[in-house]
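So you can see what is in the structure, the chains are spelled out below.
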Amino acid sequence: MIQVSNKIKRYMKLAKKISLLSCLRFKVGAVLVRNNIILATAENLRKTHPRFGSGPYYSLHAEGHVIWKAIRKNIEITNSTIYVYRSNGGLAKPCKYCQDILKEFNIKAIYSNGTKEEFSCMDK
Ligand SMILES: [Zn+2]
């Protein structure tokens, strides 16, 4: 559990909105923020990516997708924070593969699984 600020709630609310764009059963939304600026947003997708894809999973996770979107536009993402919302109430913590990507770019993750107003933090 972490100290939940209005800022966290605001970004998580946006991540929730983004998650609704997903066509998958387990909808996940991610918002990448740096210095109070939203760099990119993304949902999980029914396809994958050789570098930002999610290991053996058949989908591109929202975490990898949002990083890929930012990188593609040459946006500097080191030391940013990712807000991840997972709609199904399951484990919201980024999977091992996404954690590796987040570590590579020194990104801190704040996540919520949507069942309660509860947020967790994974330090970079
Ligand atoms: Zn993942």
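Residues numbered from 1 in each chain as written. Predicted model: local features only at pLDDT ≥ 70, side-chain atom pairs only at ≥ 80, totals over all residues.

(A) Structural view of the sheet that holds strand β2 (residues 37–43). The strand order across the open sheet formed by five strands is β2-β1-β3-β4-β5, and the pairing between neighbours is mixed. Each edge of the sheet is formed by a strand with only one pairing partner; in this case those strands are β2 and β5 (120–122). The mean inter-strand angle of the sheet, taken between neighbouring strand axes irrespective of direction, is 20 degrees. Sheet contacts for helix α2 (residues 62–72): β1 (28–34), β2 and β3 (81–86); angle to β2, the most-contacted strand, approximately 130 degrees. (Pairing = 2+ DSSP bridges. Helix = DSSP H or I, 4+ residues; strand = E, 2+ residues; numbered from the N terminus. Axes fitted to C-alpha atoms, helices over the stretch in contact; angles between N-to-C directions. Contact = placed C-beta atoms within 7 Å.)

(B) How the structure looks around the environment of Ser22. Within the secondary structure, Ser22 sits in the loop between α1 (6–19) and β1. Its 20 C-beta neighbours within 10 Å are what place Ser22 among the buried residues. Put simply, Ser22 and Glu43 are 21 residues apart on the chain and 5.5 Å apart in space, counted from C-alpha to C-alpha. (Buried ≥ 20, exposed ≤ 12 C-beta atoms within 10 Å, placed from the backbone.)

(C) Summary view of the environment of Gly55. Position of Gly55 among the secondary structure elements: in the loop between β2 and α2. Given 12 C-beta atoms within 10 Å, Gly55 falls into the exposed group. Between the alpha carbons of Gly55 and Ile67 there is a distance of 15 Å; along the sequence they are 12 residues apart. Leave out the neighbours within four places in its chain, and Gly55 touches Lys96 and Tyr97.

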